[in-house]
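Now for the letters of each chain:
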Amino acid sequence: MSHAEVSYHAYNHGIRDNLNQFLHQLFQVFLVGLTLGMMRTVIPALAETEFGVPKGSFVLLMAFVVAFGFVKGALNFVAGRLSERMGRKTVLLLGWAAAIPIPFMILYAPSWNWIVAATVLLGMNQGFTWSMTQTSKLDLTRADQRGLTIGLNEFAGYVGVAIAGIITGYLATSFGPRMGLFVFGAVVIPSALVLTALWVKETLPWAKAEGARHAAGKSTGPKPRFPKNISDTPTTWEVFTLMSWRDKRMAAISQAGLVEKFVDALIWVVYPVYLYERGLSLAHIGWVVGVYGFVWGGSQFFTGKLSDRIGRQKPIVWGMWLCSVGVGMMLLGDQIMWWVASAAVTGFGMALLYPNLSAAVADIAHPNWRGSAIGIYRFWRDTGYGIGALLLGGVAHMTDSLTSGFWFVAIAMFASGLIVWVFSDETHPRLNPASD
């Protein structure tokens, strides 16, 4: 028996066969979501009063999301490649270590620049940790479970984001903004670091075993439509160009990932300011933004599994267009229940598209370079935070109005969904298998 045969026989793939480690990884991404969520509600709403951002300074207000997006995007790129060399667990540990100073920087911040610097560390944390929890679960599970796997991953993460947004709103009211965020961060981040060190396993051997199985012709089920214009052990540049323009399916998926982050940038920065100006309390803002997060996170439990049955392309396109409707709805009413309903529509649109973009990449990325492909897709996706925030700041500055940003995002989402519809195709191997 050859070494390759030993390697792929030694590891079983599937959620049930790896349930203990799968659950550890799910809890990890929940903690990742809590860390992101602590920066969502309080800081944008109190940027002027607590951190000295001048009223109406849209570009300065967006600066911390721009920093987050570009840093997280770049670190996603790095994380995917590093994880194929150093292992998934090492990259996850590095991500948690980067987050340790964040609560202290918020507590002692003398100016908005400190918040921007803290958000750079948050980008490092999210780029490494969220990428690794997703990649590790894909290592462990079967091809016919990818939609469910990513749906569960994003469900856990964005429920964490939503819960943190609500809890920090109340903590800020009770203890003051800085101390409330400090207490929350000082509990979550060290806990995550310890849990990773003690209980998370390295999953790279599962990915190598899957690659060996494909190489030996022993993989079962429908054959995926892997890109043919790429080598067996590609360079970083090869994978980057494939994801960005050489494969039209991957390019369509990457642009959709980038544009959908315009929605999240809008909800992160513009929603709290827009709602605060209309008289909502921090706690109520936390609920509006939280409903978006809960619906987005909770629905992915179902929408990821749905795509394992009906395919990826339809949910992605429907989700892009539904987000467009939800964002536009925000401006058509002036009561909290209307805003909550609009946030829920947007959240469900995100739930349809979000896990299925990642699942589509995983469908047609070979196990030998899947970590890199996911990292580069996530690079483009999270760079969308930075590009979206810059464009939103520019649009708001030129029109001197926050509402123009809503219409800009609604139009961009509709157009991006159209690109996926026209230029991509179904990636699920069972529904559109390779012919040879």
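Residues numbered from 1 in each chain as written. Predicted model: local features only at pLDDT ≥ 70, side-chain atom pairs only at ≥ 80, totals over all residues. Heavy atoms only, no water.

### As for helix α11 (residues 236–246)
Link 1 in the chain: What α11 keeps buried is the set V239, F240, T241, L242, M243 and S244.
Link 2 in the chain: Residues of α11 that are buried sit in contact with α4 (58–85), α12 (248–277), α15 (336–364) and α16 (370–399). (Buried < 20%, exposed > 50% of the residue type's maximum accessible area, 1.4 Å probe, protein only. Helix = DSSP H or I, 4+ residues; strand = E, 2+ residues; numbered from the N terminus. Contact = heavy atoms within 4.5 Å.)

### Points about the side chain of Q25
Link 1 in the chain: Its location among the elements puts Q25 in helix α2 (residues 19–37).
Link 2 in the chain: Residue Q25 is classed as buried on the basis of its relative accessible area, which comes to 1%.
Link 3 in the chain: If we ignore the near neighbours within four places in the chain, the residues touching Q25 are M132, T133, S136, K137, V200 and K201.

### Section: the environment of G157
Link 1 in the chain: The topology assignment puts G157 in helix α8 (residues 146–175).
Link 2 in the chain: Linking G157 and N18, residues 139 residues apart in sequence, is a C-alpha distance of 20 Å.
Link 3 in the chain: Among all residues touching G157, those that are not within four sequence positions of it are V29, F30, G33 and W130.

### What to know about the nonpolar core
Link 1 in the chain: Residues I43, F64, W112, V263, W268 and F406 are the most contacted members of the largest nonpolar core, which totals 129 residues.
Link 2 in the chain: Per element, the largest residue contribution to this core is 17 residues, and it comes from α12.
Link 3 in the chain: Contact partners of W112, with chain neighbours within four places excluded, come to I43, A47, F51, V53, L60, L61, A63 and F64. (Core = buried A, V, L, I, M, F, W, Y, C linked by side-chain atoms within 4.5 Å.)

### A few points about the packing of aromatic side chains
Link 1 in the chain: What the rule picks out here adds up to 27 aromatic pairs.
Link 2 in the chain: Over the ring of Y274 we find R278, and its NZ or CZ is 3.7 Å from the ring centre. (Phe/Tyr/Trp six-rings, centres within 6.5 Å; stacked < 30°, edge-to-face > 60°. Lys NZ or Arg CZ within 6 Å of the ring centre and 35° of its normal.)

### A few points about the pattern of salt bridges
Link 1 in the chain: In this structure the tally under the stated criterion is 13 salt bridges.
Link 2 in the chain: One salt bridge in this structure joins K261 and D264, with 3.9 Å as the shortest N-O distance. On the criterion of helical spacing, the pair formed by K261 and D264 is a turn pair, its members being 3 residues apart in helix α12.
Link 3 in the chain: For K261, a relative accessible area of 0% corresponds to the buried category.
Link 4 in the chain: Among the salt bridges present, the one from R312 reaches D363, with a minimum N-O distance of 2.7 Å. Here R312 is found in the loop between α13 (282–310) and α14 (313–329), whereas its partner D363 is found in helix α15, with 51 residues between them in sequence. The burial state of R312 is the same as that of D363; both residues are buried. (Salt bridge = Lys/Arg side-chain N within 4 Å of Asp/Glu carboxyl O.)

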